[in-house]
Structure formats: C-alpha cells, structure tokens
Amino acid sequence: MAEAPERVIIDCDPGHDDMAAILLAAWHDRIRLEAITTVCGNASLANTTNNALRIVEAFGLDVPVHAGAVQPLLHRYDFPAAFHGPSGLDSAGADLPPATRAAQGQHAVDAIIERVEAHPGEITLVVIGPMTNAALVLAKRPDLAGKIKRLVFMGGSSTEGNVTPAAEFNIWADAEAARIVFRSGVKLVMFGLNVTHQTRLAQAAIDAVRAAQPGPNPAADIMQFYCGTYHAFAGADPRGAPLHDPCTIAYLIEPDIFAVEPRPGEVIVADCESYGQTLIDLRPQDRKHDTRTMNVDVAMSADTTRFTDLVTQALIWAAKRYATTSKTRTQGAA
Ligand code: RIB
Ligand code: CA
C-alpha cells in the first residue's frame, strides 16, 4: 500500500531557492504542503511574505501563507540583495504578477503550534530560512519538540561557510535561534553547505525549463537571475549554481538521494569570527564508548543527478502551470 504523503509546513524566506523548494513540494505527490510560513531572512518579512504570496498565486497553489518574525532574536544585518535582488525574488526576465491575496491573519508561530498540536507526530517542519520562527515555537511550547515529526532544515555546514568563512547565511542570520533549536530535542535533519554545494542547477536545466514552455516563463527567468548573481560572485562554474533549499524536499521525496549521518552539533553564538558556525563533531569514536548526544542527522553526500532531475521536472511542471493560471487570470480580467 502506498505510504501516506509527508505532511509538510515550509518555513522560508523566498528567496530563489526557496521558490524552487516550494514548487518541488507542490509538484510531487509524496508531499502534502499544508502551509507556508515566512520569516525575515533574504529580505524583509514584508518582501519574503509578498514573494511567498506571489509564488502561491502565480502557480495556482492552494496553500495558506502565514507571516512570522519581523527580525532575528538578536542579530541585525543588511539583506543580501546582491544575491536575491532588492525584492528578494528578482527575475532576469518575466516576473511573477503582484499578489492579490493577503497573508492569513494568524501569526506563523501560532499556525505552526496549532497544526503540530492538532496532529502530533505527523507534521514535518521544513525550515529553509533563518530559524527565528522555529525557535519562537519551541520557546513558547518546549513540549512540542517531541510532537514535531522532524525538523528538516537547510542551514549550517560541516565544512565551509558562505556569508563568513565559518558560517552559512540561514544560521548566521539568527544564530541564537539556531542554538535554541539545536538544543531543543526536536529531531533534526540538516542540509548544510557541505552537501548543498554539491547539488547544483546547471544552465542546461534552466534551458530545458524554458524550452518546455514558450512565452513568459518566470520559473526559468527567476532561476536564471539566481544563477547569474551566484556566478557573478563565485565565478562561472559549468556545474551551475548551488541549489540549497530544495534538498530538504528532495530528501522527503527520495531519502536515499542523500547519505545522512547522526552527529553531535552545536551553534556558535559568541561574538567572534565563528559567530553562526555549526560545529558538527566528525571525530570518529568507538560506538560502544561514545557518550556524545547525536542531536542532528547531517546530510554528507548526494546523488546530484537524481536531485537535479527532480528539481528540473518540478520547474517544468511549474512553468506549464504558470501558463495555465495566467491564461485563467487574463480571461478573468477580460
Ligand atoms: O545559505 C543558503 C541559504 O541562504 C538559502 O536558504 C538561501 O535561500 C538563503 O536564504
Ligand atoms: Ca532560503
């Protein structure tokens, strides 16, 4: 008998790769996307929420959007407009139409609490932006750590950082929140830069998305913008740009795309060069005498071909779906 789909809430800061993760979840029948919650991260909360609403509407997704934390618990920083553009979701061509619907009135933190409380052990919380909302959920209701099925997140690294040599952006943006989550006891599955720098979107994949749907194609053009800014910063790479956030969803769809290891993990919050580093203990120890707490399952490698195939199929689906919804929108306006 087919397994029931994964019941998922995506907490995000759209964000180009956030959009790819949302579309992958919306496309695949192994995922039941129950809600999207937004957080300040790649851009202001107003922008990340507006971007989530535009994504949901443009691609015809029947998913409620709840706005969350306006700012990190403590850290303040300038938004990375160089990567995602001033809006947080700039396009290299066709853009998503303005949203006509507003976010839900219920705050993201309360929406997550309500759904987890109503369905203990069934909801997977996917966090692909700073962990501010997740930390507030666990600070307000520590008892829910055992009722969230698992918290699958893009963040941190067991090797290099990106925003600093030591820290990855999602963790660095709110390291205090991440430390609360790492210490909460919730089941954690981590997709850090050590693996997401392997999972890339090549130009050929974007070209395939564009070829699949002639005419206005924001799915292709928005990903083109992201790859362009990445190469402008990191230098051109024939493998394409790292596609971080969709790893979390690809794992829920096909877990064996990734090799995952239980490890001790901690988040550095001291005001120093390592602020926001995820300290993953990779030292080998004889299991019989290993008293360390393995609080995080860390993805260490990926089948990049299977990953790219999944994401490309989802973006092609989205490109066609956009064409259909925009036709409906145009007819409705006539
Ligand atoms: O470091 C990568 C992460 O930062 C991704 O979630 C991307 O969307 C940005 O938020
Ligand atoms: Ca993100």
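To keep things clear, this report deals only with the structure shown in the data block. (Residues numbered from 1 in each chain as written. Chains lettered and ligands numbered in written order. Predicted model: local features only at pLDDT ≥ 70, side-chain atom pairs only at ≥ 80, totals over all residues. Heavy atoms only, no water.)

## Thoughts on the packing of aromatic side chains
Okay, so step 1: Evaluated as defined, the whole model comprises ten aromatic pairs.
Okay, so step 2: Ring centres of Phe153 and Phe182 lie 5.7 Å apart, and the angle between their planes is 65°; on these two criteria the pair is classed as edge-to-face. Of this pair, Phe153 sits in strand β5 (residues 150-154) while Phe182 sits in helix α7 (residues 175-182), and the two are 29 residues apart along the sequence. Each member of the pair, Phe153 as well as Phe182, carries the same accessibility label: buried.
Okay, so step 3: Between Phe191 and Phe258, the aromatic rings sit 4.9 Å apart at their centres with planes inclined by 75°, giving edge-to-face as the arrangement. A residue pair is termed long-range when its members are at least 10 positions apart, and Phe191 in strand β6 (residues 188-191) and Phe258 in strand β9 (residues 258-263) qualify at 67 residues. In this pair, the class of Phe191 matches that of Phe258, namely buried. (Phe/Tyr/Trp six-rings, centres within 6.5 Å; stacked < 30°, edge-to-face > 60°. Helix = DSSP H or I, 4+ residues; strand = E, 2+ residues; numbered from the N terminus. Buried < 20%, exposed > 50% of the residue type's maximum accessible area, 1.4 Å probe, protein only.)

## Thoughts on the coordination of the calcium ion (ligand 2)
Okay, so step 1: Bound to the calcium ion (ligand 2) on the protein side are Asp13 (OD), Asp18 (OD), Asp18 (OD), Ile128 (O) and Asp245 (OD), at distances that span 2.2 to 2.6 Å.
Okay, so step 2: Taken in chain order, the donor set of the calcium ion (ligand 2) reads D-x4-D-x109-I-x116-D. Linking Ile128 in the loop between β4 (123-127) and α5 (132-140) with Asp245 in the loop between β8 (241-242) and α11 (246-253), this pair joins segments that are 117 residues apart in sequence.
Okay, so step 3: Assessed through its relative accessible area of 1%, Ile128 is described here as buried.
Okay, so step 4: Accessibility expressed as a relative area gives 2% for Asp245, which makes it buried. (Donors = N, O, S within 2.8 Å, 3.2 Å for Na, K, Ca; no water.)

## Some remarks on the side chain of His66
Okay, so step 1: Within the secondary structure layout, His66 lies in strand β3 (residues 65-67).
Okay, so step 2: Judged by its relative accessible area of 4%, His66 falls in the buried class.
Okay, so step 3: A polar contact is formed between the side chain of His66 and the backbone oxygen of Gln106, at a distance of 2.9 Å. (Polar contact = N/O pair within 3.5 Å; in protein donor to acceptor, adjacent residues only side chain to side chain.)

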